[in-house]
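Breakdown of the fold
So you can see what is in the structure, the chains are spelled out below.
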Amino acid sequence: MFISFEGGEGAGKTTQAKKLVCYLKASGYRVIYTREPGGTALGGKLRHVLQDSASAVTPLAELLLYAADRAQHVEQVIIPALRAEEIVVCDRYCDAGVAYQGYGRGLELDMIERINRWAVQGILPDLTILLDIAPEAGLARIMSDKKPLDRLEREQLDFHQRVRAGYLKLAAQQPRRFRVIDANRDVPVVSEHILNEIKPLLLSPAVGTY
Ligand SMILES: Nc1ncnc2c1ncn2[C@@H]1O[C@H](COP(=O)(O)OP(=O)(O)O)[C@@H](O)[C@H]1O
Ligand SMILES: [Mg+2]
């Protein structure tokens, strides 16, 4: 089974993805946590370029760098784990490209879809948890971490609003794959809602048939 977490900055993706991995491990499942960008050695370098606020990256270059990261990540990490019948929990995946470079930057959506599908060899998540939160609230959480903001976190509020609306549109278009969770609640409350979505799938006989 392949689960991705999506959502804006500070929505709680990393917090919740890691909690889910702990829960699944404790329940006896073999599971890996991985993230985009950066789930491979090459990806770690690309992550640095993509997040460095000193990088001047054009929207198209940004799209292609994320796609390069994803291609490496799918081939080296995600496909081998799925073949080994591990549960893959991925902190951001293809939908981020549509939300950020498409709805956020205004690149053509069809082109992004085609590049994405090609980069990931058609491997899509079984379930995508969209952690939805107003950008003001998500960014406030990040600010209170007192770490320097990365290149995307520094974008204007209207960019983050377009990203949020884009994610919600994707979720409405693909309701079988997406679950939208209100992320503006306490960590344990959000976790509980995520588990309520995942538990029925763990019991389903379709899981693990890669
Ligand atoms: N539900 C929540 N309520 C309050 N703070 C949260 C919540 N979830 C995460 N945080 C905090 O917000 C910050 C960003 O969380 P993180 O999981 O890194 O978000 P993301 O990966 O989506 O950017 C962290 O300091 C984290 O501890
Ligand atoms: Mg994160």
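Let me sum up the structure you'll find in this document. A quick note: this is a predicted structure, and the numbers were derived from the prediction, not measured.

Here we come to the overall build of the protein chain. The helix and strand inventory of the protein chain stands at eight helices and five strands. Ordered by position in the sequence, the α and β elements of the protein chain form the string β-α-β-α-α-β-α-α-β-α-α-β-α. Here the protein chain has a C-alpha radius of gyration of 16 Å; the compact-globule value for 210 residues is 17 Å, and the two agree. Over its C-alpha atoms, taken along the principal directions, the protein chain stretches across nearly 45 × 35 × 30 Å. With 210 residues in all, the protein chain has 48% of them scored as buried. Put simply, 78% of the contacts in the protein chain that link residues at least 6 apart link residues at least 24 apart. Accessible surface computed for the protein chain: about 10300 Å², of which carbon and sulfur atoms make up 55%.

Here the structure, examined in full by the defined rule, presents three aromatic pairs. When the centroid spacing of 4.9 Å and the interplanar angle of 75° are considered together, the rings of Phe-2 and Tyr-93 count as edge-to-face. Of this pair, Phe-2 sits in strand β1 (residues 2-7) while Tyr-93 sits in the loop between β3 (87-91) and α4 (94-104), and the two are 91 residues apart along the sequence. What links up through ring pairs into an aromatic cluster is the set Tyr-100, Phe-159 and Tyr-167.

Turning to the sheet that holds strand β5 (residues 178-182), a few remarks are in order. A sheet is described by the order of its strands in space; here five strands give the open sequence β2-β3-β1-β4-β5, paired in parallel fashion. Here the strands that pair on one side only, and so sit at the sheet edges, are β2 (31-35) and β5. Here the average twist between neighbouring strands, direction ignored, is 20°. With four bridges connecting them, β1 and β3 associate as parallel partners. Among the inter-strand pairings, Ser-4 is bridged to a residue of β3, identified as Cys-90. Helix-sheet contacts for helix α1 (residues 13-26) involve β1, β2, β3 and β4 (127-132), and the interaxial angle to β2 is about 165°.

On to the pairing of β1, then. The buried fraction of β1 amounts to six of the six residues, a majority that puts the element mostly inside the structure. With burial as the criterion, each face of β1 is covered, one bearing Phe-2, Ser-4 and Glu-6 and the other bearing Ile-3, Phe-5 and Gly-7. Bridge count for β1 against β4 is five bridges, and the pairing is parallel. Its bridge partner being in β4, Gly-7 is matched across the sheet by Leu-131.

Around ligand 1 sit 13 residues in total, of which Lys-13, Thr-14, Thr-15, Asp-145 and Arg-185 are the nearest. Gly-10 is positioned such that a nitrogen or oxygen atom in its backbone is 2.9 Å from an oxygen atom of ligand 1. At 2.6 Å, a side-chain N or O of Lys-13 approaches an oxygen atom of ligand 1. If ligand 1 stood free it would expose 560 Å²; the protein chains cover 72% of that surface. Broken down by element, the residue count for the shell around ligand 1 peaks at three residues, all from α1.

A word on helix α6 (residues 135-144). For α6, the set of buried residues is Pro-135, Gly-138, Leu-139 and Ile-142. Take α6 and look down its axis: the buried residues cluster within an arc of 95°, on one side only. Among the structural elements, α7 (157-173) are those in contact with the buried residues of α6. Lys-146 lies just past α6 and shows a positive phi near 60°.

The element β3 is largely enclosed, with a buried count of five among its five residues. Burial along β3 is two-sided: the residues Ile-87, Val-89 and Asp-91 and Val-88 and Cys-90 are all buried.

As for its placement among the helices and strands, Arg-177 is situated in the loop between α7 and β5. The buried category is assigned to Arg-177, whose relative accessible area is 10%. Here Asp-95 takes part through its side chain, which lies 2.8 Å from a polar atom of the side chain of Arg-177. Among the polar contacts made by the side chain of Arg-177, one reaches the side chain of Gln-174 at a distance of 3.0 Å. With near-sequence residues (within four places) excluded, Arg-177 lies in contact with Asp-95, Pro-125, Asp-126, Leu-127 and Thr-128.

Criteria and thresholds
Residues numbered from 1 in each chain as written. Chains lettered and ligands numbered in written order. Predicted model: local features only at pLDDT ≥ 70, side-chain atom pairs only at ≥ 80, totals over all residues. Heavy atoms only, no water. Helix = DSSP H or I, 4+ residues; strand = E, 2+ residues; numbered from the N terminus. Rg over C-alpha atoms; globule rule 2.2 N^0.38 Å. Buried < 20%, exposed > 50% of the residue type's maximum accessible area, 1.4 Å probe, protein only. Contact = heavy atoms within 4.5 Å. Areas by Shrake-Rupley, 256 points an atom, 1.4 Å probe, with all protein chains shown as cover. Phe/Tyr/Trp six-rings, centres within 6.5 Å; stacked < 30°, edge-to-face > 60°. Pairing = 2+ DSSP bridges. Axes fitted to C-alpha atoms, helices over the stretch in contact; angles between N-to-C directions. Near = heavy atom within 4 Å. Polar contact = N/O pair within 3.5 Å; in protein donor to acceptor, adjacent residues only side chain to side chain. Arc of directions from axis to C-beta.

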